[in-house]
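# Coordinates in review
Given next are the chains, with one letter for each unit.
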Amino acid sequence: MTKYWFLCALKRAVKTIAQTAAATIGTATVLSSVDWKVVASASVLAGILSILTSFAGLPEVELVEEDSEDELDEFDEDEEDGENPEDDEVIEH
């Protein structure tokens, strides 16, 4: 787990907590009848489940990792060919 993974998982968990709280509050007919203990416990549980689900994989992290691997593969291919990627840049005076 990287720092990026942790930040993505945390962001998803916070969104899930907010969505669950909004949905739970929305089930009350009036704001004064909201059971705040139920809202809090359901929201915390949803956040925990979100973090646990993130262990299965986060699409945004996997995309970044794939892009990084592709860039490394391209760099490795250039080195194998004896080419220096920096040589591709031509500076004209």
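Just so we're clear, the structure is a prediction, and the values are computed from it rather than from any experiment. (Residues numbered from 1 in each chain as written. Predicted model: local features only at pLDDT ≥ 70, side-chain atom pairs only at ≥ 80, totals over all residues. Heavy atoms only, no water.)

Turning next to the overall build of the protein chain. Assigned secondary structure in the protein chain consists of three helices and zero strands. Considering only contacts within the protein chain whose residues lie at least 6 apart along the sequence, 67% involve residues at least 24 apart. With the model as given, the accessible surface of the protein chain reaches about 7,500 Å², and the carbon-plus-sulfur share is 58%. (Helix = DSSP H or I, 4+ residues; strand = E, 2+ residues; numbered from the N terminus. Contact = heavy atoms within 4.5 Å. Areas by Shrake-Rupley, 256 points an atom, 1.4 Å probe, with all protein chains shown as cover.)

To continue, consider helix H1 (residues 3-26). At 3.6 residues per turn, the α-helix brings residues three or four places apart onto the same side. Compared with an ideal rise of 1.5 Å per residue, which puts 24 residues at 34 Å, H1 spans 34 Å between its outermost C-alpha atoms and is within 8% of the ideal. Residues Trp5, Cys8, Ala9, Ala13, Thr20, Ala21 and Thr24 constitute the buried set of H1. (Expected span 1.5 Å × (residues − 1). Buried < 20%, exposed > 50% of the residue type's maximum accessible area, 1.4 Å probe, protein only.)

Below, the discussion takes up the nonpolar core. If you look at the biggest cluster of nonpolar residues, it comprises five residues: Trp5, Cys8, Ala9, Leu58 and Val61. If one sorts the elements of this core by residue count, H1 sits on top with three residues. Once residues lying within four places of it in the same chain are set aside, the contact partners of Ala9 are Ile51, Ser54 and Leu58. (Core = buried A, V, L, I, M, F, W, Y, C linked by side-chain atoms within 4.5 Å.)

Relative to the elements of secondary structure, Val44 occurs in helix H2 (residues 36-54). A relative accessible area of 52% means that Val44 is categorised as exposed. Sequence-wise, Val44 and Thr16 are 28 residues apart; in three dimensions their C-alpha atoms are separated by 9.3 Å.

This part is about the confidence of the model for the protein chain. This prediction gives the protein chain a mean pLDDT of 80; 69% of its residues lie at or above 70. At the level of individual helices and strands, the protein chain shows its lowest average pLDDT in helix H3 (residues 59-80), which scores 65, and its highest in H2, which scores 95. (pLDDT = per-residue confidence, 0-100.)

With that settled, the discussion passes to H2. With 19 residues, H2 ought to run about 27 Å at 1.5 Å a step, and its terminal C-alpha atoms sit 27 Å apart, in line with that. Among the residues of H2, Val39, Ser43, Ala46, Gly47, Ser50 and Ser54 are the ones counted as buried. Down the axis of H2, the smallest arc covering the buried residues is 100°, so these residues share one side. Within H2, the exposed residues directed more than 90 degrees away from the buried face are Lys37, Val44 and Leu52. If you follow the buried residues of H2, they end up packed against H1. (Arc of directions from axis to C-beta.)

This next bit is on the packing of H1 against H2. Here H1 crosses H2 at 150°, and the two axes come no closer than 8 Å. Relative to H2, the element H1 is oriented roughly antiparallel. The two elements H1 and H2 meet at a crossing, and its hand is right-handed. Residue-level contacts link Trp5, Ala9, Leu10, Arg12, Ala13, Thr16, Ile17, Thr20, Ala21, Thr24 and Ile25 of H1 to Trp36, Val38, Val39, Ala42, Ser43, Ala46, Gly47, Ser50, Ile51 and Ser54 of H2. (Axes fitted to C-alpha atoms, helices over the stretch in contact; angles between N-to-C directions. Parallel < 35°, antiparallel > 145°, perpendicular 65-115°, else oblique. Left-handed = near helix turned anticlockwise from the far one by under 90°.)

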